[in-house]
Amino acid sequence: ESYLSDKIQITKVLKGDFIFYYIKIFYFPSGYYKYFRDYLFSFVNKDIEDAKNVKDFKKVVIIDLLDNTGGSLYTAAFFLNLFYPNNSYLFTIHYKKKSVNYYSGSDYNEYFKDSIVFVVQNDLTASASEVFSGVLSKKALILGDFSYGKPFIQVNLEVNDFTVLYTNSFLNFTPALEPHDKVKPDIFLNERELNRDFILNFVFSICYYLFFQIKGN
């Protein structure tokens with residue numbers, strides 16, 4: 001997986017009664033969704049082999065999008081399939097007075113559908129990564145700062161055997177006919193706190209409180 005090390009890194013951490021998947025995505029390169037999938041499944045398959053050891057662990061996913069300025073919306077959209085049941089609404093693209101809704105598929109077998117999900121972002125989280133964060137904000141806790149705020153995208157249209165780049169397009173996380181806003185974090189973290197060690201400990205504290213402190217009381 002060395003050819004992926006500057007694009008995505010996955011770390012699995014067992015802590016307490018939780019299994020954490022810390023997924024750092026540097027950007028979403030075009031045409032790489034299958035490579036991302038296979039890399040992730042190398043961890044998934046190992047989990048299946050170790051099922052006796054991990055079956056009682058609660059699964060927590062942390063998606064680190066810090067300084068991720070985007071890339072391919074297509075790659076990002078396929079990665080979103082991890083978190084939603086098949087045929088779930090994800091986002092809408094508006095262009096040339098048309099609206100196209102995008103729905104989840106079955107490419108990643110909904111592996112993280114029932115997981116606890118956190119997304120970490122900052123003011124450089126933009127474009128495809130901002131879409132990723134915005135879509136997951138429906139079910140995840142967003143940590144960090146406001147995202148960059150870039151609702152306008154490029155759409156390739158096929159016209160008379162030519163590919164036309166249509167730039168006056170925008171995207172929203174709902175079917176609303178307006179560009180999306182910046183993605184607001186649920187919990188603000190300052191710049192010094194935006195590192196893997198702090199985030200892992202912070203998320204563990206949240207999960208422990210939710211599952212044990214509240215339940216115990």
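Conventions we followed
Residues numbered from 1 in each chain as written. Predicted model: local features only at pLDDT ≥ 70, side-chain atom pairs only at ≥ 80, totals over all residues. Heavy atoms only, no water. Helix = DSSP H or I, 4+ residues; strand = E, 2+ residues; numbered from the N terminus. Buried < 20%, exposed > 50% of the residue type's maximum accessible area, 1.4 Å probe, protein only. Areas by Shrake-Rupley, 256 points an atom, 1.4 Å probe, with all protein chains shown as cover. Core = buried A, V, L, I, M, F, W, Y, C linked by side-chain atoms within 4.5 Å. Contact = heavy atoms within 4.5 Å. Pairing = 2+ DSSP bridges. Axes fitted to C-alpha atoms, helices over the stretch in contact; angles between N-to-C directions.

Engineer: Explain the overall build of the chain to me, using residue names and the numbers behind them.
Structural biologist: In terms of helices and strands, the chain carries 5 helices and 10 strands. Evaluated residue by residue, the chain yields a buried proportion of 46% over its 217 residues. Here the chain displays about 11,500 Å² of accessible surface, and carbon together with sulfur accounts for 50% of that area.

Engineer: How would you sum up the nonpolar core? Please name residues and give values.
Structural biologist: Formed by 40 residues in total, the largest nonpolar core has its most connected members in Ile 23, Ile 63, Phe 83, Phe 132 and Leu 136. When contributions to this core are tallied by element, the ones reaching two or more residues are strand 1 (8–15), strand 2 (18–25), helix 1 (33–49), strand 3 (58–64), helix 3 (73–80), strand 4 (89–95), strand 6 (116–121) and helix 4 (127–136). Every residue in contact with Phe 132, bar those within four places of it in the chain, is listed here: Phe 28, Ile 63, Leu 65, Ala 76, Phe 79, Leu 80 and Phe 83.

Engineer: Please provide a residue-by-residue account of the environment of Val 120, values included.
Structural biologist: Mapped onto the elements of the fold, Val 120 is located in strand 6. Sequence spacing of Val 120 and Leu 65 is 55 residues, and the spatial spacing of their C-alpha atoms is 5.7 Å.

Engineer: If you had to explain the sheet that holds strand 7 (residues 141–144) to someone new, which residues and values would you point to?
Structural biologist: Read across the sheet, 6 strands follow the order 1-2-3-6-7-10 without closing on themselves; strand pairing throughout is mixed. Edge strands, defined here as strands with exactly one partner in the open sheet, are strand 1 and strand 10 (187–188). Of the strand pairs in this sheet, strand 3 and strand 6 are connected by 5 bridges, and their pairing is parallel. When the sheet's bridge partners are listed, Val 60 is paired in strand 6 with Ile 116. Strands strand 3, strand 6 and strand 7 of the sheet are contacted by helix 4, whose axis makes an angle of about 145° with strand 6.

Engineer: I'd love a proper account of helix 3, names of residues and values included.
Structural biologist: In terms of burial, helix 3 is a largely internal element, 6 of the 8 residues being buried. Looking only at helix 3, the buried set comprises Thr 75, Ala 76, Ala 77, Phe 78, Phe 79 and Leu 80.

Engineer: So what's going on with the pairing of strand 5 (residues 98–103)? Which residues, and what values?
Structural biologist: Taken together, the 6 bridges between strand 4 and strand 5 define a ladder with antiparallel strand orientation. Of the residues in strand 5, the one forming a bridge with Ile 93 is Val 100. Adjacent in sequence and paired antiparallel, strand 4 and strand 5 are bridged by 2 residues, among which Lys 96 carries a positive phi angle near 45°.

Shape descriptors only; they carry no functional weight alone.
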